[in-house]
Amino acid sequence: MPEFWAADALHAAFHGNMQVPPLTDSLPDLTLDQGYRIASEIHARRLANGATVAGRKIGFTNKTIWPIYNVDAPVWGWMYASGVQDIPADGAIPLPALPEPRIEPEIVFGFKASPHPDMDLTALAACIDWVAHGFEIVTSLYPGWRFTAPDAVAAMAMHGALWVGPRLKPSPERFEALTTCGVTLTGPDETLIGHGVDVLGGPLMALHHLVGEIARMPDAGPIQPGEVVTTGTLTDACPVAAGQSWSTMFDTPLLPGLSIRFA
């Protein structure tokens, strides 16, 4: 079975700031479900080493970037307490020592109740305790960001760290704005435009997808109260480096933008 050696290789690569060839170079028929089994093995290793679950991340919910990354499906992975933090008042955050880091502007949910697959969007929204804008730092354990969807999910859904902005009170108006909003991501040398609707029709729709997909990973239970879920990038991911400053601006006052600097 490829799960064990692949989990060993990817676990060592992540914690050693290294890269490995895509699994599909040697396993061209690797399936998404096999990728989730590999991710489950890595999750078990991390828990055994003392990691604490903080929540889940959804990746590749933005279909506009699928052709760029050679993927054809969203993926999800675990987030851990050591890598989920609030953005400090001065906006200075350390850049994780991970291969080929990139920044993604995202919508983040905190939960007060467990969502379930049979819920509609209204019921899902009632499970949410707070809404925030944040930045996910993603990483590629594969050189040059070359991989397939099964490779991506096996590599912990490319998650590196999550930085969360101010927590906002949920409201019907704010949930509507999550779908209809536009956002501008500005960095040292580029500006990117994105829209909430690009994320599987909106962040709540992305959450609905996640809740239905969780069972694809062995032994992964439902989202628990207190967990955090980040719902996928609103723009393409951009390479980042220490010393850079990045900011976002939304076209609605219901979603404040953020400014950060990588220390």
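Look up a bit, the structure's there.
The shown structure was predicted, so the numbers you read here are calculated from the model rather than taken from an experiment.

Participant: Hey, could you run me through the overall build of the protein in this one?
Facilitator: For the protein, the helix and strand inventory stands at 8 helices and 13 strands. By the compact-globule yardstick of 18 Å for 263 residues, the protein fits well, its C-alpha radius of gyration being 17 Å. Along the longest, intermediate and shortest principal axes, the C-alpha atoms of the protein span 50 × 45 × 35 Å. A fraction of 76% describes how many contacts in the protein between residues 6 or more apart in sequence connect residues 24 or more apart. Counting every atom, the protein has about 10,500 Å² of accessible surface; 56% of that belongs to carbon and sulfur. Within the protein, the 27 negative side-chain charges are centred at a point lying 4 Å from the centre of the 14 positive side-chain charges.

Participant: I would appreciate a short explanation of helix 3 (residues 32-48) in the present structure.
Facilitator: Since the α-helix advances by 3.6 residues per turn, residues separated by three or four positions end up pointing in the same direction. Here helix 3 contains 17 residues, and its C-alpha end-to-end distance of 24 Å stays within 8% of the 24 Å for a straight helix at 1.5 Å per residue. Within helix 3 the residues assigned to the buried category are L32, Q34, G35, Y36, I38, A39, S40, I42, H43 and R46. G50 occupies a position one or two residues after helix 3 and carries a positive phi of about 100°.

Participant: When you look at the nonpolar core in this model, what are you seeing that I'm missing?
Facilitator: If you look at soluble globular proteins, the nonpolar side chains tend to sit buried side by side. With 67 residues, the main nonpolar core has L10, F60, F109 and L207 as its most contacted residues. Excluding anything up to four places from it in sequence, L10 contacts V20, L23, I38, I42, L141, Y142, A154, A155 and M156. Of all hydrophobic cores here, the second largest spans 14 residues; its members include I87, L185, L258 and I260.

Participant: Teacher, can you tell me more about the pairing of strand 7 (residues 159-164) here?
Facilitator: Note on strand geometry: in a regular strand, side chains alternate between the two faces of the sheet. For strand 7, the buried fraction is high: 6 of the 6 residues fall into the buried class. The sheet contact formed by strand 3 (residues 84-86) and strand 7 spans 3 bridges and is parallel. Bridge pairing in strand 7 places D86 opposite V164. Of the pairings in the sheet, the one linking strand 6 (residues 128-138) to strand 7 comprises 5 bridges and is antiparallel in character. Across the sheet, the residue bridging to V138 is H159, located in strand 7.

Participant: Just checking my understanding: could you explain the packing of aromatic side chains for this structure?
Facilitator: Across all of its chains, the model carries 9 aromatic pairs by this definition. Ring geometry for F60 against Y69: centres 5.8 Å apart, planes inclined by 50°, an arrangement best described as tilted. The exposure class of F60 is buried, given its relative accessible area of 11%. Classification of Y69 by relative accessible area gives buried; the value is 4%. The structure contains a cluster of three or more aromatic residues connected by ring pairs, namely F60, Y69, Y142, W145 and F147. In this structure, R167 is placed above the aromatic ring of W130, and the distance from its NZ or CZ to the ring centre is 4.3 Å.

The rules behind the values
Residues numbered from 1 in each chain as written. Predicted model: local features only at pLDDT ≥ 70, side-chain atom pairs only at ≥ 80, totals over all residues. Heavy atoms only, no water. Helix = DSSP H or I, 4+ residues; strand = E, 2+ residues; numbered from the N terminus. Rg over C-alpha atoms; globule rule 2.2 N^0.38 Å. Contact = heavy atoms within 4.5 Å. Areas by Shrake-Rupley, 256 points an atom, 1.4 Å probe, with all protein chains shown as cover. Lys, Arg positive; Asp, Glu negative; His and termini not counted. Charge placed at Lys NZ, Arg CZ, Asp CG, Glu CD. Expected span 1.5 Å × (residues − 1). Buried < 20%, exposed > 50% of the residue type's maximum accessible area, 1.4 Å probe, protein only. Core = buried A, V, L, I, M, F, W, Y, C linked by side-chain atoms within 4.5 Å. Pairing = 2+ DSSP bridges. Phe/Tyr/Trp six-rings, centres within 6.5 Å; stacked < 30°, edge-to-face > 60°. Lys NZ or Arg CZ within 6 Å of the ring centre and 35° of its normal.

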